[in-house]
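# Descriptive analysis of the structure
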Amino acid sequence: MSSSRHMCKTALSIALGLGLMAAFPAAQAANNDGSVSGHTRAGAVVTVTNPETGLTRTITADRNGNYRFPFLPVGRYTITASKDGQAVAPARNVTVALGTTTSVDIGSVRATNLSAISVTSSVLPVIDVSSTESATIVSRAELARLPVDQNVASVALLAPGVVKGNSNFGGISFGGSSVAENAFYVNGLNVTDFYNRNGFSEAPFAFYDQFQVKTGGYSVEFGRTTGGVVNAVARSGTNEFHAGTEITMEPSSWHSKADDHYTPDGRRYITASRDTESLIKTNVWASGPIVKDKLFFFAMYEARGNTPRNTNDAGTTITDNRSGTGFWGTTIDWNITDKNTLSLMAFSDKNHNAGDVYAYDFDTDTRGKKTNRIFTDTGGRNWALTWTSYLTNDLSMKLMVGRNERESFTRSQLDLACNVVAASSALLDINDPGVPLGCTTSSTVYKRNDVRKQGRADFEWTLGDHLLRFGYDHENNTSDYARHYAGPGAYYYNVYAATAGATIPNGATLPAGYEGYVRARRYEIAGTFTTIDSAYYLEDNWQITPNLVLNAGLRNDSFDNQDAAGHSYIKMDRQIAPRLGFSWDMHGDGSTKLFGNLGRYYLPVANVINIKQAGGLLDERTYYAFDGWEIKTLDGTQYAVPGLGPQLGNVDTSQGNGTVGDLRSEVDRSMDPVYQDEAILGFQQMLDASWSWGVSGTYRRLHNAIDDMDITATAQCGPAGAIGWVMANPGKKVTVWGDTNCDGAPDGYVTVDTSKEGWAMYDANGNYLGQRGWVKPKRTYAALEFQLNRAWDEKWAFNASYVMSWNRGNAEGPVNSDTNFDDTGRTENFDDPWVNYGGDGFLPNDRRHQLKLRGTYALTPHWQIGGDLDVHSGGPITGFGVGNPFDKRNYHSYYICVQNCESPVSEDRVYVHSPRGKYGRLPWTYTLGASLSYLRPFNGGNLRVKLSVYNLLDQQRTVQVDQDLQTDISSSTNPTFLRPLGFQSPRFAQLTVAVDF
């Protein structure tokens, strides 16, 4: 190489210090810290020091000059190297980011290697030539410059391929997965909701330092997810005392009104224009040394006042809510020695809400008497204690124990006196009583306490060109649960429209003279249930050549779901998850990277299955003809209850009769877990000191489902061997306790190949026709992703991503968002073979096109503007039917009855297939956010004032419609089919004033 070319390469190395994080040798850092590695002279003594905390660690480079500092708290460091008492090069500055490995070459090792860059930029993305995963890091400093709403989900939505879930039960979808497949961590503590897996414990923004959003390819350290990972680390103290306060205000007058929605004949079916929300949060914090260079604290308290007001859709009640419980959080860090540290993170997100319910007349905007008060308690206390130790020059250890609590407790003053009454829009279209339905809006008396006890051990061991990472992870997840409907008899009354002769869900026929039917439902369950999840992992990061890294790992998961007595009833172990990745530093200078990843990921069974499958669930449904509305009065307020005509058919307890059966008959003893295979191939390149771009392709394939199936026949005994509801893998062989000799009594294990048998078929006269099996679940996701990035240089920053993807199959995952079924792992998708038959197509989370832009521009040293734009195409619209052309089953299906539908002879009915996505797609949505910030340093402190406007254009486009084309077996279609039900949130503004000292 010529000397001029050598000098150019060296100059470029220095320039890229504004934004490049290259790693050498390769490894993915632990989940609440980062690492530094690189090259220097063989045998040199390398020291890394955090000048803000005094944390100092020293190791000796090996005979090849390699060194590595794992488990470093995020922050800024100075690194030096010396040999024989002489410095081998000037000291370097380096920034350690969450979950990344930053490399610094000290001394003239390879002048062309850009790993020698001192990284000072906190803005991502940059190129990390060690990493084989797809991840986005967002710092607190970057969030302060952008119009990002103050919740973790909004941060995750900045990453490519992440979209919002169904508007009814929320959540976020990563790479085509359902909202119930993700994992969330704070300082290594898993805070994911393990009851239903849709949600997590959350702290205020000001508590966090950095976020890492992993969308694929993550290492074997992470598991129990087939979606994505949001990994956050909390702030900590330094040698300097700092304090501050931050006030966030969202007055109700800064919220645009939501639209009311009307039927074609002018009846209002969604009432939202008088809903309001007012929020104010006052956050105070302090940090500093308890003992200089040794012991530090960070502490925060946030007082919150939230007062949303909501009307019901009929406009007959209005509820004033008040939520005001404060948040507290802290971190304590102890540098015991240069080789040992101890850290504590703790926070409480407890919240109490009281809602006062009043009678209301929307037309006259008149508030009546107070009718009820509803109380809701959520959240809990959380903590994690972490010990980090450099055992030897090459071996390091991190031990963590923690606890995560989540409470959910709902009750009201009318729980003893009033049942809930609800009616379908189609019924109200033809018979609206004009007064509130029922005398309470609180449907359920519900109390649940979830407690996760977590422990894990992580190790790193350097052996020449190999970096071994291994560890153990254990969680004990316990749910204490009790639930029943409010009111006398604990009944919930639903009223549905139907025509005479229609076949209703329990198979009965609606008699002449009635325009609808009533379902009276009792739903009761209680108990304490535990799941134990544990895993071992081993990973080898092999530096094959100076430019090529191979990452190979294995994770062994085990899941043990237990009943109320503590007995295992779903137990799956030896779930071997291999992960294999590579990263090629193509030019040897860290500027261009080609990487790939193959991996397998397992999903645990949510605790809701323990409770409802092994907890004596009573789900009793009794059907009556609807005999008009009865108007009653409570405390001077009128309300309507359905008149109950003749009972229709038998009482249905097929979903749960209140007893715990023989679990050997209810769970497949050889059940396979749910897992997903993933392949990623990507390319990244630095264009200059500030700009980088990348492209990647991702393919995911989900294998298996665990769901409840109604096995009504066996190969040995036909219908006489019916087993009932079984948790199993649809479309695979199922082994349960059953009747082996056809005498009507279970006496041994039987195997049913549910790909071709297990469902008894009958003709209209009750003659047995044979058996049918289930289709196997399928879900694939293929995506092509482009990114363009410009690092922040105190003037401007920019990020753009575009994802084109295809998400198709016959199973969304453990929840069904298109039919609003969020009981994770107990969907209706595989209840019988016909529910899912013919259901292959584009899935609810299919968003063919996604464009995301965000950036900041400094107008002057004191004024900044920020923007965030999210554009994506809508999901598919399906017309779901009831019944099928193969037997008399009356349930959700992909078939529509078009002729002879009222015939009592099921063979006479004529059906047509109604495939997924037949009715087009939801509209594109455009969500634009903007912010204006004012920054002013003053003597001893800084002032930041930011005004953010979310959904600046006040787009309220439809994001959900009624997809029930038919709701019973009849010749009529559902009059509310395609009616808009969910919409973008209206525009609102938020003012944040922060003063730091």
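Check the entry above for the structure.
Given the structure is predicted, the values throughout are model-derived calculations rather than measurements.

### Considerations on empty space enclosed by the protein
A water-sized probe rolled over the atoms picks out the places where empty space is left. Scanning the model with the defined rule gives 12 cavities of 30 Å³ or more in all. Counted by class, the lining of the second largest cavity contains 14 nonpolar, 5 polar and 3 charged residues.

### Things to note about the sheet that holds strand E14 (residues 208–216)
In space, the 5 strands of this open sheet follow the order E9-E14-E15-E12-E13, with mixed pairing throughout. The sheet is open, and its two edges are formed by strand E9 (134–139) and strand E13 (189–190), each paired on a single side. In the sheet, E14 pairs with strand E15 (residues 229–234) via 6 bridges, with the strands oriented antiparallel. Considered in E15, the bridge of glutamine 210 is made with valine 233.

### What about the pattern of salt bridges?
In this structure the tally under the stated criterion is 46 salt bridges. The shortest N-O distance in the salt bridge between glutamate 539 and arginine 469 comes to 2.8 Å. Within this pair, whereas glutamate 539 is found in strand E33 (residues 516–545), its partner arginine 469 is found in strand E31 (residues 466–485), the two being separated by 70 residues in sequence. When sorted by exposure, glutamate 539 lands in the same class as arginine 469, which is buried. A salt bridge links arginine 522 to glutamate 524; its shortest N-O distance comes to 3.2 Å. For glutamate 524, a relative accessible area of 26% puts it in the partly exposed group. When salt bridges with common partners are traced through the structure, they connect Arg224, Arg452, Arg456, Asp458, Asp473, Glu475, Arg555 and Asp557 into a single cluster.

### Quick look at the side chain of asparagine 404
If you trace the backbone, asparagine 404 turns up in strand E28 (residues 395–412). Looking at asparagine 404, the relative accessible area reads 1%, which means it is buried. Looking at asparagine 404, its side chain comes within polar contact range of the side chain of serine 201, at 3.0 Å. Here arginine 452 takes part through its side chain, which lies 2.7 Å from a polar atom of the side chain of asparagine 404. Setting aside its immediate chain neighbours within four residues, asparagine 404 contacts Leu189, Asn190, Val191, Thr192, Ser201, Arg381, Asn382, Asp450, Val451 and Arg452.

Cut-offs and rules
- Residues numbered from 1 in each chain as written.
- Predicted model: local features only at pLDDT ≥ 70, side-chain atom pairs only at ≥ 80, totals over all residues.
- Heavy atoms only, no water.
- 1 Å grid on protein atoms, 1.4 Å probe; cavity = no way out; pocket = protein on both sides within 12 Å on 5 of 7 lines; lining within 4 Å.
- Points joined across faces, edges and corners; volume = space filled by probe spheres on them.
- Nonpolar A, V, L, I, M, F, W, Y, C, P; charged D, E, K, R; others polar.
- Pairing = 2+ DSSP bridges.
- Helix = DSSP H or I, 4+ residues; strand = E, 2+ residues; numbered from the N terminus.
- Salt bridge = Lys/Arg side-chain N within 4 Å of Asp/Glu carboxyl O.
- Buried < 20%, exposed > 50% of the residue type's maximum accessible area, 1.4 Å probe, protein only.
- Polar contact = N/O pair within 3.5 Å; in protein donor to acceptor, adjacent residues only side chain to side chain.
- Contact = heavy atoms within 4.5 Å.

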